[in-house]
Amino acid sequence: MENCSLCRCGSETVRASSILLFTLSYPDDKIGKNYDFAQVLKRSICLDQNTQWGPARAEEEHGVYVYDLMATVVHILDSRTGGSLVAHIKVGETYHQRKEGVTHQQWYLFNDFLIEPIDKHEAVQFDMNWKVPAILYYVKRNLNSRYNLNIKNPIEASVLLAEASLARKQRKTHTTFIPLMLNEMPQIGDLVGLDAEFVTLNEEEAELRSDGTKSTIKPSQMSVARITCVRGQGPNEGIPFIDDYISTQEQVVDYLTQYSGIKPGDLDAKISSKHLTTLKSTYLKLRFLIDIGVKFVGHGLQKDFRVINLMVWQGSFKSLLVPKDQVLDTVYLFHMPRKRMISLRFLAWYFLDLKIQAETHDSIEDARTALQLYRKYLELSKNGTEPESFHKVLKGLYEKGRKMDWKVPEPEGQTSPKNAPVFSSVLAL
């Protein structure tokens, strides 16, 4: 057998071979018509192969398919550092409709954490002396209308059921949550208290300008270390059903123990006594809760979701995002325009007479407190017949905060927060 290859430049290469491998190409538009093997083989062998190197247009037997350039990745040459990769990405109409209210497409330059709009011609301007193309990414036009891209295997409720911990030393006595039973599975509109804790993987890199201002060269990199979800209703309200510590193989430079409660060793499967799991496993649980339509209650949830890598959005576009109407953030419920945001600790003391976060943060305590604050918000906002009623409550809150310098007072004679009274909500657990 002779394999003849004709290049676009006109040169021909002939190779003798006893074995030749082809991908069989079966017709897909004439269902029901019988094709014998010889026809299928001939069609596969004679299929035009120059589309691999030619323009982004695949000529097939029954039509023309057009591909649009959606992204390019280029290597910026630098003899001192070895260079870097930057990307030019064409962002579609959905994003601009959601963010700006306009329908158009725009090319953007992604250079590390710098993102800037660029002209479409810049995305395809290359120079082999310093800007070398590495990847050209094409997408078939009208792909959504031609193919059914709906998820065929949605996440099942079984992801919320009990799972084994990755930690070798975990014991039942260390369990801090009770998994949901089948009859407890959340429904659309159910409340779920949520809180997350993070650790730092890379410190921020910054430089001081000549005018005294700080310029960020590289922002700090945070990673989610613990995610807690507590029941928002029912006889077990306030009891956690998810309390996952996220195992990581990356080097943690700061556990932020004072603010996260995470200690060295908590994320190490060899020595941790916590319920350790993978990030993918916890993502599946959150994705299921989002898709089912629960309402998340927490304090500073937008920041939590951003570090977890879920974006809070408002609109009809549905992706790996969290609809805004499913987020009840107490940091905004108890906030007056053009005023400072108030901490969960101060709100709990002012409205609930609770003293939390005595030494470190605990995500179970924070999630449960946020739920109680939301109940308090409903109580205060419904009691007033006029909108000014709740405004007066907030005004009193801010006046008290300024007088206290936004600090929770210590009771007389109490030298340690550990001696604070144990509240009924904690005893219930």
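Our subject in this report is the structure included herewith. Every value quoted in this text rests on a predicted model; they were computed, and no experiment measured them.

The next subject is helix H8 (residues 344–352). Within H8, seven of the nine residues are buried, which leaves the element mostly enclosed by the surrounding structure. Those residues of H8 not exposed but buried are Leu 344, Phe 346, Leu 347, Ala 348, Trp 349, Phe 351 and Leu 352. Positive phi appears at Asp 353, one or two residues downstream of H8, with a value of about 55 degrees.

Turning to the nonpolar core, a few remarks are in order. Counting residues in each nonpolar core, the largest one holds 29 residues, and the members touching the most others are Phe 334, Phe 351 and Leu 397. Only H8, helix H9 (363–383) and helix H10 (387–404) provide two or more residues apiece to this core. Considering each element in turn, this core owes the most residues, seven residues, to H8. Look past the residues within four positions of Phe 334 in its chain and what remains in contact with it is Ile 342, Leu 347, Phe 351, Leu 373, Tyr 377, Leu 380, Phe 390, Leu 394, Leu 397 and Tyr 398.

Okay, the environment of Val 408 next. Take Val 408: it is sitting in the loop between H10 and helix H11 (424–428). Owing to a relative accessible area of 11%, Val 408 belongs among the buried residues under this scheme. As a C-alpha pair, Val 408 and Ala 348 span 60 residues in sequence and 9.6 Å in three-dimensional space. When neighbours within four sequence positions are excluded, Val 408 is seen to be in contact with Arg 345, Phe 346, Trp 349 and Lys 355.

Inspection of the secondary structure assignment puts Val 307 in helix H6 (residues 301–308). Not counting chain neighbours up to four residues away, the residues in contact with Val 307 comprise Phe 198 and Met 222.

Position of Tyr 374 relative to the elements: it lies in helix H9. Considered as a pair, Tyr 374 and Gly 193 are 181 residues apart in the sequence and their alpha carbons are 9.8 Å apart. The residues contacting Tyr 374, other than those within four sequence positions of it, are Leu 191, Val 297, Leu 328, Thr 330 and Leu 333.

With that settled, the discussion passes to unusual backbone geometry. Backbone geometry at Asn 309 places phi at a positive 85 degrees, although glycine is not the residue there. Looking at where Asn 309 falls in the secondary structure, it is placed in the loop between H6 and strand E16 (311–313). What makes Asn 309 exposed here is its relative accessible area of 63%. Positioned with a positive phi, Trp 406 is a non-glycine residue whose angle comes to about 60 degrees. Examined against the element boundaries, Trp 406 turns out to sit in the loop between H10 and H11.

Tallied over the entire structure, the rule returns eleven aromatic pairs. For the ring pair Phe 334 and Phe 390, a centre distance of 6.2 Å and an interplane angle of 55 degrees mean the geometry is tilted. Linking Phe 334 in the loop between helix H7 (330–333) and H8 with Phe 390 in helix H10, this pair joins segments that are 56 residues apart in sequence. Accessibility expressed as a relative area gives 0% for Phe 334, which makes it buried. With relative accessibility at 14%, the residue Phe 390 sits in the buried group. Considering the side-chain rings of Tyr 374 and Tyr 377, the 6.4 Å spacing of their centres and the 25 degrees angle between planes classify their relative orientation as stacked. One end of the pair is Tyr 374 and the other is Tyr 377, both in helix H9 and three residues apart, which spans about a single turn. According to the relative accessible area criterion, Tyr 374 is buried, its value standing at 12%. Aromatic ring contacts, followed pair by pair, group Phe 334, Phe 346, Trp 349, Tyr 350, Phe 351, Tyr 374, Tyr 377, Phe 390, Tyr 398 and Trp 406 into a single cluster.

With that out of the way, let us pick up the sheet that holds strand E13 (residues 240–246). Strands sit in the order E14-E13-E12-E9-E15-E18 across an open sheet of six strands; the sheet is mixed. Of all strands in the sheet, those bounded by a partner on one side alone are strand E14 (276–277) and strand E18 (327–329). Where strand E12 (residues 221–231) lies against E13, five bridges are found, and the strand directions are antiparallel. Bridge pairing links Cys 229 to Ile 242 in E13. The strands that helix H5 (residues 279–292) touches are strand E9 (191–202), E12, E13, E14 and strand E15 (295–298); relative to E13, the one it contacts most, it runs at about 145 degrees.

Next up on the list: a nonpolar patch on the surface. Among the surface-exposed residues, Leu 24, Tyr 26, Phe 37 and Leu 41 lie close enough to one another that they form a single nonpolar patch of about 400 Å² accessible area. Among the secondary structure elements, Tyr 26 is positioned in the loop between strand E2 (12–16) and helix H1 (37–45). You can call Tyr 26 exposed: its relative accessible area is 55%.

This part is about the pattern of salt bridges. Applying the stated criterion across every chain, the model contains eleven salt bridges. The shortest N-O distance in the salt bridge between Arg 80 and Asp 78 comes to 3.5 Å. Residue class for Arg 80 comes out exposed when judged on its relative accessible area of 75%. Residue classification places Asp 78 among the partly exposed residues on the basis of a relative accessible area of 26%. Note that Asp 244 is salt-bridged to Lys 285, the shortest N-O span being 2.7 Å. A residue pair is termed long-range when its members are at least 10 positions apart, and Asp 244 in strand E13 and Lys 285 in helix H5 qualify at 41 residues. For the pair Asp 244 and Lys 285, one class covers both residues: buried. Each member of the salt-bridge network shares a partner with another, and the members are Glu 163, Asp 244 and Lys 285.

Rules and cut-offs
- Position labels on residues start from 1 in each chain and follow its written sequence.
- Only residues with pLDDT of at least 70 get local features here, since the model is predicted, and only at 80 or more are side-chain atom pairs given and counted; chain-wide, interface and lining totals rely on the full set of residues.
- Values shown for side chains rest on all heavy atoms present in the structure; no hydrogens or waters enter the calculation.
- Here the term buried applies to any residue with accessible area under 20% of the maximum for its type, exposed to any over 50%, and partly exposed to those in between, with areas from a 1.4 Å probe on protein chains only.
- Labels follow the DSSP assignment, with helices taken as runs of H or I lasting at least four residues and strands as runs of E lasting at least two, numbered in each case from the N terminus.
- For our purposes a nonpolar core is just a set of buried Ala, Val, Leu, Ile, Met, Phe, Trp, Tyr and Cys residues, chained together by side-chain atoms within 4.5 Å.
- Residues are treated as being in contact if the distance between any of their heavy atoms lies within 4.5 Å.
- Two rings belonging to Phe, Tyr or Trp (six-membered ring only in the last case) form a pair when the distance between their centres is within 6.5 Å. Interplanar angles under 30 degrees mark stacking, angles over 60 mark edge-to-face geometry, and anything in between is tilted.
- Pairing between two strands requires that DSSP report at least two bridges joining them.
- A fitted line through C-alpha atoms represents every axis, and for helices the fit uses only the stretch in contact; the resulting angles, taken between N-to-C directions, go from 0 to 180 degrees.
- The residues that make up patches have over 30% relative accessible area and no salt bridge, and they are joined within 9 Å when like-charged or within 5 Å when they are Val, Leu, Ile, Met, Phe, Trp or Tyr.
- Calculation of accessible area relied on Shrake-Rupley with a 1.4 Å probe; when residues are assessed, cover is drawn exclusively from the protein chains displayed.
- One speaks of a salt bridge when a side-chain nitrogen belonging to Lys or Arg is within 4 Å of a carboxyl oxygen belonging to Asp or Glu.

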